[in-house]
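# Observations on chain architecture
As a plain string of letters, each chain reads:
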Amino acid sequence: MKKLLFPALMCFAIGTFTANAQLKGLVNKAKDKVNSATGTSGLSTNEIGSALKEALNKGVTEQVTKLTAQDGFYKNEAVKILLPAELQKVDKKLRQIGMGSLADEGIKVLNRAAEDAVGEATPIFVNAITAMTFTDAKNILMGADNSATLYLEKTTATPLYGKFSPVVKTSLDKVGADAVWAKILTKYNSLPLVTKVNPDLTDYVTNKALEGVYKMITVEEKKIRTSTASRTTDLLKKVFAAQDKK
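All of the points below concern the structure found in this document.

The rules we used
Residues numbered from 1 in each chain as written. Predicted model: local features only at pLDDT ≥ 70, side-chain atom pairs only at ≥ 80, totals over all residues. Heavy atoms only, no water. Helix = DSSP H or I, 4+ residues; strand = E, 2+ residues; numbered from the N terminus. Buried < 20%, exposed > 50% of the residue type's maximum accessible area, 1.4 Å probe, protein only. Contact = heavy atoms within 4.5 Å. Areas by Shrake-Rupley, 256 points an atom, 1.4 Å probe, with all protein chains shown as cover. 1 Å grid on protein atoms, 1.4 Å probe; cavity = no way out; pocket = protein on both sides within 12 Å on 5 of 7 lines; lining within 4 Å. Points joined across faces, edges and corners; volume = space filled by probe spheres on them. Nonpolar A, V, L, I, M, F, W, Y, C, P; charged D, E, K, R; others polar. Salt bridge = Lys/Arg side-chain N within 4 Å of Asp/Glu carboxyl O. Core = buried A, V, L, I, M, F, W, Y, C linked by side-chain atoms within 4.5 Å. Axes fitted to C-alpha atoms, helices over the stretch in contact; angles between N-to-C directions. Parallel < 35°, antiparallel > 145°, perpendicular 65-115°, else oblique. Phe/Tyr/Trp six-rings, centres within 6.5 Å; stacked < 30°, edge-to-face > 60°. Lys NZ or Arg CZ within 6 Å of the ring centre and 35° of its normal. Expected span 1.5 Å × (residues − 1). Bend = angle between axes of the 7 residues up to and from the residue. Left-handed = near helix turned anticlockwise from the far one by under 90°.

## As for the overall build of the protein chain
If you tally the helices and strands in the protein chain, you get 10 helices and zero strands. For the protein chain, the sequential pattern of α-helices and β-strands runs α-α-α-α-α-α-α-α-α-α. Here the protein chain holds 246 residues, and the buried ones make up 41% of them. Long-range contacts, defined here as pairs at least 24 residues apart, represent 82% of the contacts in the protein chain between residues at least 6 apart. Surface accessibility of the protein chain: about 13,700 Å² in total, with carbon and sulfur atoms responsible for 58%.

Below is the structure:
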């Protein structure tokens, strides 16, 4: 009986081992198919996450920082803050009566306030980038050309508005915007046959500053996605090569 039992146990063990090996093989094949389908074959979760964080940090460092310099908004046509619709008629009327220089100064001080406010953005972006999950990173990698920017916008817009708004308000006073615009609006509102205006400049500049920040991050993201020359590290080259194949 013992002689018969031992071979039987051996056959059972071998069969179990073979079955487990086959199951493992099937699981690995399934993973390979998923990775192949999403264009991430051969990449570890850590590599994908690290590369996306590196790309976003590059966007913040190389693009957002430029906006904090003097004329970062004012001389950048992509993000320069122009007047809201209700103030465009003010601008037009001032130029008609020979006060174009005052109108120009009004636009400049709005942009100066935005340049001041953007300095508050970096810590919030760093927190959002650090909190990125693997699922976030994988979806971003294989997504549209602005997927990383959209992720940042979704996760940072509310806290950034909260940070920007008081800085914009303080800056409008610091750069003399309040005084300039008080003069502009007083002059305009005193003209006959005009509808008086009293815009919320703090809210307007805050929202325009946010738009400018995300627009410039999109610029850098598209560079990394479409130009191999912008992938300045081995990790960026390796991970974004997978995106090239999608």
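## Quick notes on empty space enclosed by the protein
By the definition in use, this model includes one cavity of 30 Å³ or more. Along the walls of the largest cavity sit L52, A55, L56, G59, A148, I217, E220, E221, I224 and F240, which together make up its complete lining. A breakdown of the residues in the lining of the largest cavity according to their chemical character gives seven nonpolar, one polar and two charged.

## Here's the deal with the pattern of salt bridges
Tallying each qualifying case throughout the model produces 11 salt bridges. The residue D71 makes a salt bridge to R112 at a minimum N-O spacing of 2.9 Å. A residue pair is termed long-range when its members are at least 10 positions apart, and D71 in the loop between α2 (45-67) and α3 (85-96) and R112 in helix α4 (residues 100-118) qualify at 41 residues. Taken individually, D71 and R112 each receive the classification buried, so the pair is uniform in this respect. One continuous salt-bridge network, built from bridges that share partners, spans D71, K75, R112 and E115.

## Some points on the nonpolar core
Generally speaking, nonpolar side chains in soluble globular proteins are found buried as a group. Membership of the largest hydrophobic core comes to 65 residues, with the highest contact counts inside it found for F125, F164 and W181. Here this core gets 10 residues from one element, more than from any other, and that element is helix α9 (residues 201-226).

## Re the packing of α3 against helix α8 (residues 177-189)
Between α3 and α8, the least distance of the axes is 10 Å, while the angle of their chain directions is 75 degrees. Of the possible angle classes, the one that applies to α3 and α8 is roughly perpendicular. Residues L87, K89, V90, K93 and L94 of α3 touch α8, and the partners they reach there are W181, I184, L185, K187 and Y188. Tallied by class, residues from the contact of α3 with α8 come to seven nonpolar, no polar and three charged.

## Quick look at the side chain of T218
By the element assignment, T218 lies in helix α9. What T218 contacts, discounting residues up to four positions off in sequence, is N146 and T149.

## Quick look at the packing of aromatic side chains
For any pair of aromatic rings, the description rests on two quantities: the centre-to-centre distance and the angle between the ring planes. Tallying each qualifying case throughout the model produces one aromatic pair. Ring plane angle 75 degrees and centroid distance 6.3 Å describe the contact between F125 and Y214, whose orientation is recorded as edge-to-face. Taken together, the residues span a long stretch of sequence, with F125 in helix α5 (residues 121-130) and Y214 in helix α9 at a distance of 89 residues. A relative accessible area of 0% means that F125 is categorised as buried. In this structure, K80 packs its charged tip against the face of Y74, placed 4.7 Å from the ring centre.

## Some points on α2
If you check α2, its first and last C-alpha atoms are 33 Å apart, about what 23 residues at 1.5 Å a residue would give, namely 33 Å. Taking the largest bend as the criterion, α2 deviates by roughly 25 degrees, centred on V60.

## A closer look at the packing of α4 against helix α7 (residues 147-174)
Contact geometry for α4 and α7: axes closest at 8 Å, N-to-C directions at 135 degrees. Considered as vectors, α4 and α7 are oriented oblique to each other. Seen from above, α4 lies across α7 with right-handed handedness. Within the contact between the two elements, α4 uses V109, L110, R112, A113, D116, A117 and V118 and α7 uses F164, V167, V168, S171, L172 and K174. Broken down by class, the residue content of the contact of α4 with α7 amounts to nine nonpolar, one polar and three charged.

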